[in-house]
Amino acid sequence: APIEESKRRAAYQAVDDFVKDGMKLGIGSGSTIVYAVHRIAEKVKNEGLKVICVPTSFQAHQLVVSNNLQLGNLELHSELDVAIDGADEVDSNMTLIKGGGGCQTQEKIVASCANKFVVVADYKKDSKYLGEQYKKGIPIEVIPMAYTPVSVKIKKLFGGEVHLRMAQMKAGPVISDNGNFILDWLFPNDIADWKAVNNEIKMIAGVVETGLFVGMANTVYFGLPDGTVKVLR
Ligand code: DER
């Protein structure tokens, strides 16, 4: 399938370019990162690479363990060399929407501890502006008791719609790996300054973390439909 192949090619290129022996790595969440972890495991096996992998979710934890990679955490390794992760959308300034999988809180923490933050994505994430292709909005992790006031305040401040993310395989809301709720903000199309918007949302009492990653990505690898990989730096 072209999408899966484009994810794989982007992930392999990123790992081949950035992952070196002895590195402490941040391992993101989602489906594209799976290809990156497979490539890292291949290099560990074939080249005897020694790396430590700090996960960004329970899913990433399981991915590291099931690929027999050495698990780490920020308590032991608070300064990482490279964090690799996916994204739901990337705009022309490399501002990201993340959190489609509800893991943006630990992802942002790990990315903030890394010297380099590298994003791997298929071509459907390659947008000119946020919201051009990704229509599920910006995820915001909130303390459960505050989800209604936070929703009201976001709508008052910026407009749009805010929805509490409901679970599919469990009655009630999605519960994050941190025990919180997730709001999805379907933002209006007139937002100009994502840095300012992100800072204002973060200051609302009850907000834990947003899925807006502003000025964090150093390099983005997009797998293209023709099999090539486009690199934004
Ligand atoms: O939920 C997340 O933050 C994921 O990293 C998401 O942004 C990318 O997931 P995908 O690689 O499955 O598209």
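Every residue gets a number counted from 1 within its own chain, in the order that chain's sequence is written. In keeping with the predicted nature of the model, local features appear solely for residues at pLDDT of at least 70, side-chain atom pairs appear and are counted solely at 80 or more, and the whole-chain, interface and lining totals rest on all residues. Side-chain figures throughout are based on the complete set of non-hydrogen atoms in the structure, without hydrogens or water.

Draft legend 1. Representation of the environment of Asp 226. Counting through the fold element by element, Asp 226 comes out in the loop between strand 13 (219-223) and strand 14 (229-232). Only protein chains enter the accessibility calculation, which uses a 1.4 Å probe; a residue whose area is less than 20% of its type maximum is buried, one above 50% is exposed, and one in between is partly exposed. When its relative accessible area of 56% is taken as the criterion, Asp 226 is described as exposed. In sequence terms Asp 226 and Leu 130 are 96 residues apart; their C-alpha atoms lie 24 Å from each other. Only DSSP runs of H or I covering at least 4 residues are called helices, and only runs of E covering at least 2 are called strands; the numbering of each starts at the N terminus.

Draft legend 2. Seen up close, the nonpolar core. Val 19, Leu 25, Ile 27, Ile 40, Val 51 and Ile 84 are the most contacted members of the largest nonpolar core, which has 28 residues in total. Elements supplying a minimum of two residues to this core: helix 1 (2-18), strand 1 (24-27), helix 2 (32-47), helix 3 (58-66), strand 4 (80-85) and strand 7 (114-122). Core analysis: the next-biggest nonpolar cluster, separate from the first, contains 22 residues, Ile 140, Leu 183, Trp 185 and Leu 212 among them. Take the buried residues of types Ala, Val, Leu, Ile, Met, Phe, Trp, Tyr and Cys, join any two whose side-chain atoms come within 4.5 Å, and each joined set is a nonpolar core.

Draft legend 3. Geometry of helix 6 (residues 194-202). Trp 194, Val 197, Asn 198 and Ile 201 are the residues of helix 6 that are buried. Viewed end-on, helix 6 has its buried residues packed into an arc of 100°, placing them on one side of the element. In this structure, the buried residues of helix 6 make contact with helix 4 (104-112), strand 8 (138-142), helix 5 (147-158), strand 10 (181-186), strand 11 (207-210) and strand 12 (212-213). Contacts described as polar in this section are N or O atom pairs within 3.5 Å, which, within protein, must combine one atom able to donate a hydrogen with one able to accept it, while residues neighboring in sequence count only if both atoms come from side chains. Taking the backbone nitrogen of Lys 195 as reference, a side-chain oxygen 3.0 Å away marks Asp 193 as the first, capping residue of helix 6. The directions considered for the arc are those from the helix axis to the C-beta atoms. In what follows, a contact means two residues having at least one pair of non-hydrogen atoms within 4.5 Å.

Draft legend 4. Broad picture of the packing of aromatic side chains. Each pair of aromatic rings taken from Phe, Tyr and Trp, with Trp reduced to its six-membered ring, is defined by centres within 6.5 Å and is described as stacked if the planes are under 30 degrees apart, edge-to-face if over 60, and tilted in the remaining cases. Within this structure, the stated rule accounts for seven aromatic pairs. The interplanar angle of 85° and the centroid separation of 5.0 Å between the aromatic rings of Phe 187 and Trp 194 together place this pair among those described as edge-to-face. Just as Phe 187 is buried, Trp 194 falls in that class too. Among the aromatic side chains, those forming a connected cluster through ring pairs are Phe 158, Trp 185, Phe 187 and Trp 194. Lys 108 extends its terminal NZ or CZ atom over the ring of Phe 213, reaching a point 5.1 Å from the ring centre. Throughout this description, the term charge over a ring refers to an Arg CZ or Lys NZ atom that lies within 6 Å of the ring centre and within 35 degrees of the ring normal.

Draft legend 5. Seen up close, the site of the ligand. For this description, a residue counts as near a given molecule or strand if any of its non-hydrogen atoms is within 4 Å of it. Taken together, 15 residues lie near the ligand, and Ser 31, Thr 32, Gly 101, Glu 107 and Lys 125 sit nearest. Within the backbone of Ser 29, an N or O atom sits 2.8 Å from an oxygen atom of the ligand. Computed on the free molecule, the ligand has an accessible area of 360 Å², of which 90% lies beneath the protein chains in the complex. Grid points spaced at 1 Å and placed over the protein atoms alone form the basis of the search, with a cavity being a set where a 1.4 Å probe fits but cannot get out and a pocket an open set showing protein on both sides within 12 Å along at least five of seven lines. Lining residues have an atom within 4 Å of a point. For this analysis, a molecule is said to be in a pocket or cavity if more than half of its atoms are within 2 Å of the grid points defining it. In a pocket analysis with a 2 Å cut-off to the grid points, the ligand is assigned to the largest pocket. Note on areas: Shrake-Rupley, 1.4 Å probe, and residue coverage restricted to the protein chains presented here.

Draft legend 6. Main features of the layout of surface pockets. When its volume is computed, the largest pocket comes out at roughly 430 Å³. In this structure, the largest pocket is lined by 23 residues; those nearest its centre are Ala 87, Asp 88, Gly 100, Gly 101 and Lys 125. The computed volume of the second largest pocket comes to approximately 250 Å³. Taken together, 13 residues make up the lining of the second largest pocket; nearest its centre are Leu 130, Gly 131, Phe 187, Pro 188 and Asn 189. Asp, Glu, Lys and Arg are counted as charged, while Ala, Val, Leu, Ile, Met, Phe, Trp, Tyr, Cys and Pro are counted as nonpolar; the rest, among them Gly, fall into the polar class. Split into classes, the residues belonging to the lining of the second largest pocket amount to eight nonpolar, three polar and two charged. Grid points are joined across faces, edges and corners, and a volume is the space filled by probe spheres set on the points.

Draft legend 7. Spotlight on the pairing of strand 7. Across the nine residues that make up strand 7, a large majority, seven, are buried. One ladder, built from five bridges, connects strand 4 with strand 7; its direction is parallel. Within the sheet, the bridge partner assigned to Asp 85 lies in strand 7 and is Val 119. The pairing of strand 7 with strand 13 spans five bridges and is classified as parallel. For Val 118, the partnering residue across the bridge sits in strand 13 and is Thr 219. Two strands make a pair as long as DSSP finds a minimum of two bridges between them.

Honestly, it's all geometry; don't read function into it.
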